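# Working through the structure, step by step
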Amino acid sequence: MSTLQNSPDGTHAPANLMSMSRRTLLAQGLVAAAGVAVAGVSDPMRRALAGAPKAPRVAFDLDAVSDYVQLRPGAQTGVWRYAFRQTAGAAGTVMPGPSYLGPTINVPLGTSVRCKMSNGLAAKHIIHWHGLEVPAEADGHPADAVDPGRSFIYDFPVPSRAGTYWYHPHTDMLTGVQAYMGLAGLFIVTDPKERELGLPAGDRDLPLVLQDRKFDANNQLIFADPGNTVGMLGDTILTNGTVNASFNVANVSHRLRVLNGSNARIYKLAWSDGSPITVIGSDGGLLPAPVTRPYLMVAPGERYELYVDWRSKQVGQSVTLQSLAFQAVIPGQTTLVNGAAFSVCQFNIVRAEVDTSVLPSSLRPMTLYRLQDARNATTPRTVTLGYVTNIPNCAPCWAINGSIYSMNSVRPQDVVPAGQLEVIEITNPILGPAMPHPMHWHGAHFQILSRERLTTPTSTYNTVNQGFCDAGWKDTVLIYPGERIRILMKWTKHTGVYLYHCHNLEHEDHGMMLNYRVV
Ligand code: C2O
Ligand code: CU
Ligand code: CU
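It should be emphasised that the depicted structure is a prediction, and the values quoted were computed from it without experimental measurement.

## Concerning the packing of aromatic side chains
Counted under the stated rule, the structure contains 22 aromatic pairs. With a centroid separation of 5.4 Å and 80 degrees between ring planes, the pair formed by Tyr369 and Trp473 is classed as edge-to-face. With Tyr369 in the loop between strand E21 (342-351) and strand E22 (381-388) and Trp473 in the loop between helix H5 (458-461) and strand E28 (476-479), the pair connects residues that are 104 residues apart, well separated along the chain. Considered together, Tyr369 and Trp473 belong to a single accessibility category, that of buried residues. Each member of the aromatic cluster is reached from another via a ring pair, and the members are Tyr82, Trp129, Phe152, Tyr154, Phe156, Tyr167 and Phe187. The side chain of Arg213 reaches across the aromatic face of Tyr180, ending 4.6 Å from its centre.

## Here's the deal with the nonpolar core
It is characteristic of soluble globular proteins that their nonpolar side chains tend to be buried jointly. With 31 residues, the main nonpolar core has Leu269, Trp271, Val344 and Phe347 as its most contacted residues. Ranked by residues supplied to this core, first place goes to E21 with 5 residues. The residues touching Trp271, leaving out its near neighbours within four places in the chain, are Leu256, Pro276, Ile277, Val308, Trp310, Val319, Thr320, Leu321, Gln322 and Phe347. Leu62, Val94, Val107 and Ile126 belong to the second largest nonpolar core, which has 30 residues in total.

## A closer look at the coordination of the copper ion (ligand 2)
Protein coordination at the copper ion (ligand 2) comes from His128 (NE2) and His440 (NE2), with a distance range of 1.9 Å. Placement of His128 in strand E6 (residues 127-130) and of His440 in strand E26 (residues 437-441) is noted, with a sequence separation of 312 residues between them. For His128, a relative accessible area of 1% translates into the label buried. By relative accessible area, His440 is classed as buried at 0%.

## Focus: the pattern of salt bridges
Using the criterion set out here, one finds 27 salt bridges in the structure. Between Arg255 and Glu194 there is a salt bridge whose closest N-O contact spans 3.2 Å. With Arg255 in strand E14 (residues 253-260) and Glu194 in the loop between strand E9 (185-190) and strand E10 (205-213), the pair connects residues that are 61 residues apart, well separated along the chain. In this structure, Arg255 and Glu194 share a single accessibility class: buried. Bridged by salt links that share partners, the residues Glu194, Asp205, Arg255, Arg257 and Glu305 form one connected network.

## Examining the pairing of strand E11 (residues 236-239)
Burial along E11 is two-sided: the face carrying Thr236 and Leu238 and the face carrying Ile237 and Thr239 are both buried. Where E10 meets E11, 4 bridges bridge the pair, whose relative direction is antiparallel. Within the sheet, the bridge partner assigned to Asp212 lies in E11 and is Ile237. Direction of pairing for E11 relative to strand E12 (residues 242-243): antiparallel, over a ladder of 2 bridges. Paired with Thr239 across the strands is Thr242, a residue of E12. The hairpin formed by E11 and E12 contains 2 residues between the paired strands, and Asn240 there has a positive phi angle of roughly 50 degrees.

## Here's the deal with the sheet that holds strand E3 (residues 94-95)
Strands sit in the order E3-E4-E9-E8-E6 across an open sheet of 5 strands; the sheet is mixed. Among the strands making up the open sheet, the edge pair consists of E3 and E6. Sheet topology note: the E6/strand E8 (residues 163-169) ladder contains 4 bridges and is antiparallel. Paired with Trp129 across the bridge in E8 is Tyr167.

## So, the sheet that holds strand E24 (residues 415-416)
Pairing is mixed across the open sheet formed by 5 strands, whose spatial order is E24-E31-E30-E26-E28. A strand with exactly one partner marks an edge of an open sheet, and here the two such strands are E24 and E28. With 6 bridges joining them, strand E30 (residues 496-502) and strand E31 (residues 513-518) adopt antiparallel strand pairing. Its bridge partner lying in E31, Leu499 is registered against Asn515.

## Some thoughts on the coordination of the copper ion (ligand 3)
The protein atoms that coordinate the copper ion (ligand 3) are His437 (ND1), Cys502 (SG) and His507 (ND1), at distances of 2.0 to 2.1 Å. Sequence spacing of the donors to the copper ion (ligand 3): H-x64-C-x4-H. With His437 in strand E26 and His507 in helix H6 (residues 505-509), this pair connects stretches of sequence that are 70 residues apart. With respect to burial, His437 and His507 carry one shared label: buried.

Parameters and conventions
Residues numbered from 1 in each chain as written. Chains lettered and ligands numbered in written order. Predicted model: local features only at pLDDT ≥ 70, side-chain atom pairs only at ≥ 80, totals over all residues. Heavy atoms only, no water. Phe/Tyr/Trp six-rings, centres within 6.5 Å; stacked < 30°, edge-to-face > 60°. Helix = DSSP H or I, 4+ residues; strand = E, 2+ residues; numbered from the N terminus. Buried < 20%, exposed > 50% of the residue type's maximum accessible area, 1.4 Å probe, protein only. Lys NZ or Arg CZ within 6 Å of the ring centre and 35° of its normal. Core = buried A, V, L, I, M, F, W, Y, C linked by side-chain atoms within 4.5 Å. Contact = heavy atoms within 4.5 Å. Donors = N, O, S within 2.8 Å, 3.2 Å for Na, K, Ca; no water. Salt bridge = Lys/Arg side-chain N within 4 Å of Asp/Glu carboxyl O. Pairing = 2+ DSSP bridges.

Encoded structure:
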C-alpha cells in the first residue's frame, strides 16, 4: 500500500497549524506546547492547559522521493530528497532545509517525536537519527528497511543532550548512494538553559552542512563508487547544498554548526584571515569550555560548533572557510583528492551591527568519566581496523576485528551491558593499505580518553595532529593510520541491537560495520 502524498509542485510546505481545527490541536495536546493562541477556550480549560505542561510533541512525515533541483547553471540535477509535512507540534519546528537537504528539525530537549517515513524510492530505505540516543526500534537499523511504497513509523523522546544532530539513510549496502543523492537533514536539539549563555542566536546561528559531489556534463550526479578502498569523493564542494556558497553576514559574532555530511571526504578547516578556529561544541553539543585550534580536522559524520567573532571586520570585507592540504595516506583518484586544499564557503560582511556579547569561558559542565570506574578498566574492548583479503565476495575489504557486516548476526563479543561504563581501545594499524577511519557508535555518546600516535609517520602526522578536538561528548572519532585511541562509553540504557561502523560511507557499505547488542 502506497502512503505517499507528494505535492506535485515539489514545494512541500509544512502544514499550517493555524488552519487545523482547534479540536484537533486540543485533542493532540498541542495548544499549550505550541504556544498557539487559545482564544475561545473556556477559562478552566485554559488554566488546565497552562497548569499541566506536557512534554512538547512534534509529528512529521518524511517522504524519500526523487526530485530535481537547480545546483549549477544549466540543467537541473536529479536528486533524492526528503519531502515533508509537519502534522503536529509548534509551528517552525520542522522547517524546509536548504537546497536538496531534508527539513531542519529544531526541537527542545524532551520533545516526543513521531515521524512517518514513506519510501518513494525504487530501493529499500530506512532513516537513522545520527547521535540521538533512541530506543533500538527507532534507531533505523538496516534490518528495519522498508520496501518501495511502504512506510516506517518512529516514536521516540528527544534525549537529554542539546546539540547538532542529523538524519540520513542506513539501508544495508546502500547508505552511501542514498545519502550521496541528497537524503540527509539536520536535527537540532535546543536547551532553554543554553540561552543564558548568550551565544549568538537567530540569524547568527548558522548550520553549515559540508558535502562534495561529482557532476557529469549534463549536471547529473555521478556516483562512481570506486570499489572499497577510498570512498566516494566529489570534485565540487557544496555547503548547505549550494556550490560556491557565500553568506552575507553582519560584522558580529556567529555560532556555526558544522556537519561533515560527505561520504568520504575529510576537511581540515581553517580561516583565510589566519584566525584560529574556536570550537565551542562537538557531536554531543557544547563543550565544557571553548578550545582553539590552528585548524580543525572534521571527518564524515562529525559535527563541530564554531564561534567566530567578526566585530573587527569592516563592511565590504570577506572571510573564507578553507580546507587546507594534509597527508591523507591514500588520497583517492579524483581531481580533488582527499587532502587537497580548497575553499569551502565565503562570508561577506555586508552590514554593521552592534554586538556587545562575550563568549563565556565556561559553556556546559561535563562530568568526566574515569578509567577506574569502567567495569573492564584493565581489559579494554578492542576494536582493530584493517583490511581483510580472506572473506569471499569481499576481497579485499575494510573490516573491524577481521569481520565484515552481517545484518542479522551479533558476534558474542559484541554483547554489552546496558547502562554500564566500559573502555574501548581502537587501533588503526598500518599493515599494508591504511586509511583514516571515522568510527561511529550508535546508541550513546562517549568521551575520548586518549589519543596516541604509535606508527603514523611524523611527516604525515604533522599535517593533521594540531586539528583534533577530542573534548566533549562524541559519537564519531577519526582514527588516523598508526593511531590508538581509547574511549569511555556508558552503553545506552535501551536494550536491543545497535551498530558501530566506519562513517566513510563506502567503507560502511562494504562491510566496515558490526552489530552490537545491549542487554
Ligand atoms: Cu551517521 Cu550509522 O550513522
Ligand atoms: Cu549514527
Ligand atoms: Cu573507514
